[in-house]
Amino acid sequence: MPIPEDVTGEEIDKDVRQELLSLPKTLADDVAKNLVMVAKLLDEEPEKAYGYSRVALRLASRVAAVREAAGFAAYAVGKYSEALAEFRAARRMTGSVELWPVMADCERGLGRPEKAMAMAGEPEVQKLDKAGQVEMRLVAAGARRDMGQADAAVVTLQSPELASSAVHPWTARLRYAYADALLAVGREDEARDWFARALEADQGGTTDASDRLAELDGVEFTDALEEADEPDAAEDDGAQGEAGSAQD
């Protein structure tokens, strides 16, 4: 796959660059460039990111960072079985538990929420950092909802992290998930409050909390462009009518 000329490979994280030192320099540079493309495209063009990840995987399948990148690219396009295999490979190589939550979410994607719940109770969860533990809680709540246990999902999300007024990178998503869980069990007023709290913490626009709030408040948005077009259409009709009268 083509690599833009402005992509040098130097953009990758220094820890990943360190991993690539085990490869011949030319090969390491090629792998690095493909990994940069995966990172650049993952959110907006996941199919293309997946393509670059397969190239990197073909070039350096024994590098943990490559397996991890391939896992996230597969995850982004819904290839959960493939993603899980790559995450497991990366974990075997590094011994890290960092990927445990996303591995559990892959189990959900494969229609195995019970497996995801089992993973939420494994010792690996205690080894996760705070962000990882919050992510695991989000996955577990999702698994509860998958199994039709909506009330249990609400309880699963109740935690010191949810109650805290401090804002962390994961705060908006946690509050949003709690609001959505509350709404699922009919607690609309509380849900609205938590969507508002999610919006307050969502400095990066990672959720659609503002849209959910508007929906609960009965606010309807209209397309300004469509509104601008309507008078023009009316004017055209009037002009045509005048032209017709003149011809008559």
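Provided above is the structure to which this section pertains.
Criteria and cut-off values
Residues numbered from 1 in each chain as written. Predicted model: local features only at pLDDT ≥ 70, side-chain atom pairs only at ≥ 80, totals over all residues. Heavy atoms only, no water. Helix = DSSP H or I, 4+ residues; strand = E, 2+ residues; numbered from the N terminus. Buried < 20%, exposed > 50% of the residue type's maximum accessible area, 1.4 Å probe, protein only. Areas by Shrake-Rupley, 256 points an atom, 1.4 Å probe, with all protein chains shown as cover. Axes fitted to C-alpha atoms, helices over the stretch in contact; angles between N-to-C directions. Parallel < 35°, antiparallel > 145°, perpendicular 65-115°, else oblique. Left-handed = near helix turned anticlockwise from the far one by under 90°. Contact = heavy atoms within 4.5 Å. Nonpolar A, V, L, I, M, F, W, Y, C, P; charged D, E, K, R; others polar. Expected span 1.5 Å × (residues − 1). Phe/Tyr/Trp six-rings, centres within 6.5 Å; stacked < 30°, edge-to-face > 60°. Polar contact = N/O pair within 3.5 Å; in protein donor to acceptor, adjacent residues only side chain to side chain.

Asker: Provide a residue-level description of the overall build of the chain, including the pertinent values.
Answerer: Per the secondary structure count, the chain includes 14 helices and zero strands. Listing every helix and strand of the chain by position from the N terminus yields α-α-α-α-α-α-α-α-α-α-α-α-α-α. When the 248 residues of the chain are sorted by exposure, 39% land in the buried category. Summing over all exposed atoms, the chain offers an accessible surface of approximately 14,300 Å²; the carbon and sulfur share of this is 47%.

Asker: Now, about the packing of helix α2 (residues 25–41) against helix α4 (residues 64–76): what can you tell me, with residues and values included?
Answerer: Orientation of α2 relative to α4, taken along the N-to-C sense of each, is 30°, at an axis distance of 11 Å. With respect to α4, the element α2 is oriented roughly parallel. The way α2 lies across α4 gives a crossing that is left-handed. Between α2, through V31, L35 and V38, and α4, the contact on the second element is made entirely by V66, A69 and A73. Grouping the constituent residues of the contact of α2 with α4 by class yields six nonpolar, no polar and no charged.

Asker: Describe α2, listing the residues and the values that go with them.
Answerer: With 17 residues, α2 should reach 24 Å at 1.5 Å per residue; the first-to-last C-alpha distance of 24 Å fits that figure. What α2 keeps buried is the set A28, D29, V31, A32, N34, L35, V36, M37, V38 and L41. Where α2 is buried, its residues meet α1 (14–19), α3 (46–59) and α4.

Asker: Give a detailed account of the packing of aromatic side chains, specifying residues and quantitative values.
Answerer: Enumeration over the complete set of coordinates arrives at four aromatic pairs. Seen from their ring centres, Y75 and Y80 are 5.9 Å apart, and the 75° between their planes marks the pair as edge-to-face. Ring centres 5.1 Å apart and planes at 90° place the aromatic pair Y178 and W194 in the edge-to-face group. On the criterion of sequence distance, the pair formed by Y178 in helix α11 (residues 171–184) and W194 in helix α12 (residues 188–201) is long-range, its members being 16 residues apart.

Asker: Report on the environment of D13, specifying residues and quantitative values.
Answerer: Summarising the element assignment, D13 is placed in the segment before α1. Residue D13 is classed as partly exposed on the basis of its relative accessible area of 45%. Each C-alpha atom of the pair D13 and V36 lies 9.3 Å from the other, and the pair is 23 residues apart in sequence. Looking at D13, its side chain comes within polar contact range of the main-chain nitrogen of D15, at 2.8 Å.

Asker: Describe the side chain of R17, and please don't skip the residues or the numbers.
Answerer: Tracing the backbone through its elements, the reader meets R17 in helix α1. Residue classification places R17 among the buried positions, given a relative accessible area of 19%. Beyond its immediate sequence surroundings of up to four residues, R17 is in contact with G9, E10, I12, D29 and A32.

By themselves, these observations are geometric and do not establish any function.
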